[in-house]
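Architecture and fold: a report
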Amino acid sequence: MAARGNFSSRIGFIAAAAGSAVGLGNIWGFPYEAGAGGGAIFVLVYLFFCFALCFPVMLTELAIGRKSGRNAVGAFDALGHKKWNFIGKLGVLSGALILSFYNVIAGWAFGYTFEMASGNFAITEHFKEYTTNIYAVGIYGFLFMVSTAFIVSKGVSGGIEKAAKILMPSLIVMMVSLILYSLFLPNAMAGIKFFLLPDFTKLTLSVAFNAMGQAFFSLSLGMGTFITYGSYISKNDNLVSSAALITLTDVGIAIIAGLMIFPLIGFISGGTLSGVGRGPELIFVTLPHIFGEIGPTAGSIVGMIFFSLLCFAALTSTVSLLEVPVSYVIDEFKISRKKAAWLMSGIVYLIGIPSLMGNGYSAYFSEFITYVSASAPTDFLSFIVNVANDSFLPLGGALMIFFAAHIWKRENLEAEISMGFEGYEKSWVRKYLRFVMPILLPATLIIMFSMIVL
Ligand code: PHE
């Protein structure tokens, strides 16, 4: 399988996988989902799903990928269960849908690098105009997609591994410094309390549903990213410790992002926590405030660096999103990596146009749900988040676990997981997979379906 490219080392794989997980999902998605979902209660449910459900899904994806050495669809064929490759096809579709809106947000962030460089902190008051100007943000998004396609066309194990090793830690250092700064702003504590002290009366089925979707999205699970990346790793690697490290890093960065944003919400709202946008615009309207507080010159430098690092984090995620459909068409339709990368990115960019137009430019896409059904207006981008992140990813993850346990068979799954893991027989992972998963999985499916049906 050398021709498919391999990660140069275990660290390289972990950097790329953590790079896939850490992205806009943590810094853009998590704070706004938490804000909309009642704060700390959302965080609690999210943590539960990350560790209890997503972690085993990650192990399963890695095992399927490493055993088969194929893409998200071909993996099922290679294991001798072609009938089940619809799970992979659902993953390819989810990947395309997610990338289509993700790239729009990445485009906004890219444009913000220049806004911050020019010291335009007042953009928070004009954010709607910013996103309505689809020609400007559309071009930033276009450039972002071109960069993604370029990297994917060169293969996964190139410069991206090296860059991730330096830039990801820089992002963490920067966010922690911003937390330390924002904690001392007036009314910061009101935000922190909302983020950390759960109000159990706010726990509803829809909070649980969104928290589960956010957990899958943030960890890049349920669509075959880790099947694809798993196909590039060595038999000697310990899948359990790799998955644990990736999960902890990703969750840690989401919490750091929350600790950075919520004091700012407290500060901007004068402690009331209201009046600050809670939707996809959240980070774009809160962060410039902190940069403005730091001062015109220093703030614009810090803001520019922050948004460049955010773009980099997003880029390691878009690369992994594009890699899923690309590796599928390379393996299954025998076209070159280069052609596959440019073709798929072009298609996905076009699918993203309604998401681009649904933030002020087009009334139809900005209030999409009102047009297709009678419920509250929702823009096209949020609609795709609901379909792809919150429904397809958990569904894909649940199907993968079901497949591995009952179709591929648990012995085979366990044999693959135990490879490179000494003492597997006695470990808690084995007990968890055998005794807890069979109860947890049906329970989760029930929550999900009741949500979709109700
Ligand atoms: N996990 C990425 C993020 O948090 C997004 C992503 C989802 C990447 C699914 C790949 C697959 O930004």
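Parameters at a glance
- Residues numbered from 1 in each chain as written.
- Predicted model: local features only at pLDDT ≥ 70, side-chain atom pairs only at ≥ 80, totals over all residues.
- UniProt positions renumbered as here; feature names shortened; annotations may be inferred.
- Helix = DSSP H or I, 4+ residues; strand = E, 2+ residues; numbered from the N terminus.
- Buried ≥ 20, exposed ≤ 12 C-beta atoms within 10 Å, placed from the backbone.
- Contact = placed C-beta atoms within 7 Å.
- Core = buried A, V, L, I, M, F, W, Y, C linked by C-beta atoms within 7 Å.
- Axes fitted to C-alpha atoms, helices over the stretch in contact; angles between N-to-C directions.
- Parallel < 35°, antiparallel > 145°, perpendicular 65-115°, else oblique.
- Left-handed = near helix turned anticlockwise from the far one by under 90°.
- Nonpolar A, V, L, I, M, F, W, Y, C, P; charged D, E, K, R; others polar.
- Near = placed C-beta within 6 Å.
- Expected span 1.5 Å × (residues − 1).

The protein chain is annotated in an unreviewed UniProt entry as Neurotransmitter:Na+ symporter, NSS family of Reichenbachiella faecimaris. Note on the protein chain: under the UniProt heading Subcellular location (unreviewed entry), the record states "Membrane".

1. Regarding the overall build of the protein chain
Broken down by element type, the protein chain carries 21 helices and zero strands. Projected onto the principal axes, the alpha-carbon positions of the protein chain cover approximately 60 × 50 × 45 Å. A total of 454 residues make up the protein chain; the buried ones form 53% of that total. Contacts in the protein chain between residues far apart in sequence, at least 24 positions, make up 83% of those at least 6 positions apart.

2. Digging into unusual backbone geometry
The phi torsion of most residues other than glycine is negative, and most of the peptide bonds are trans. Positive phi, normally seen in glycine, also occurs at Leu273, with a value near 65 degrees. Tracing the chain through its elements places Leu273 in the loop between α12 (239–268) and α13 (282–294). For Leu273, a count of 19 C-beta atoms within 10 Å puts it in the partly exposed group. For Lys409, which is not glycine, the phi torsion reads 90 degrees and is therefore positive. Along the chain, Lys409 falls in the loop between α19 (380–407) and α20 (410–418). By the C-beta count within 10 Å, which is 13 here, Lys409 ends up partly exposed.

3. Thoughts on the nonpolar core
Ranked by internal contacts, the top residues of the largest apolar core, which has 154 residues, are Cys54, Met58 and Ala109. With residues up to four places along the chain from it excluded, the contact list for Cys54 reads Phe49, Ala215, Phe216, Leu219 and Leu221.

4. Structural notes on the packing of helix α7 (residues 134–154) against helix α14 (residues 296–333)
The geometry of α7 relative to α14 is characterised by a closest axis approach of 9 Å and an angle of 60 degrees between their N-to-C directions. What the angle tells us is that α7 and α14 run oblique. In this structure, α7 crosses over α14, and the sense of that crossing is right-handed. Contacts from Ser147, Thr148, Ala149, Ile151 and Val152 of α7 reach α14 at Leu315, Thr318, Val319, Leu322, Glu323 and Val326. Looking at the contact of α7 with α14 residue by residue, the classes come out as seven nonpolar, three polar and one charged.

5. So, the site of the ligand
Within the structure, the ligand sits among 15 residues, and Gly23, Gly25, Ser220, Thr225 and Ser317 are positioned closest to it. Elements supplying a minimum of two residues to the shell around the ligand: α1 (10–21), α2 (24–36), α10 (205–218) and α14. Considered class by class, the residues forming the shell around the ligand number six nonpolar, nine polar and no charged.

6. Considering the environment of Ala415
Tracing the chain through its elements places Ala415 in helix α20. The class for Ala415 is partly exposed, based on 13 C-beta atoms found within 10 Å.

7. Looking at the environment of Leu171
With respect to the helices, strands and loops of the structure, Leu171 is situated in helix α8 (residues 159–182). Looking at Leu171, the number of C-beta atoms within 10 Å reads 21, which means it is buried. Considering only alpha carbons, one finds Leu171 and Phe312, 141 residues apart in sequence, at a separation of 9.2 Å. What Leu171 contacts, discounting residues up to four positions off in sequence, is Leu309 and Ala313.

8. Observations concerning the environment of Ile27
Structurally, Ile27 can be placed in helix α2. The spacing of Ile27 and Ile227 is 200 residues in sequence and 25 Å in space, taken between C-alpha atoms. Non-local contacts of Ile27, meaning those with residues more than four positions away in its chain, are made with Ala257, Ile283 and Leu310.

9. Structural notes on the packing of helix α5 (residues 86–117) against α7
Taken N-terminus to C-terminus, the directions of α5 and α7 make an angle of 105 degrees; their axes are 8 Å apart at the nearest point. Considering the angle they form, α5 stands roughly perpendicular to α7. Counting all contacts with α5, which are made through Asn103, Val104, Ala106, Gly107, Trp108, Phe110 and Gly111, the residues of α7 involved are Ala136, Val137, Tyr140, Gly141, Leu143, Phe144 and Met145. Considering only residue class, the contact of α5 with α7 consists of 10 nonpolar, four polar and no charged.

10. A word on α1
Its 12 residues place the ends of α1 16 Å apart at the C-alpha level, agreeing with the 16 Å of an ideal helix rising 1.5 Å per residue. The buried fraction of α1 amounts to 10 of the 12 residues, a majority that puts the element mostly inside the structure.

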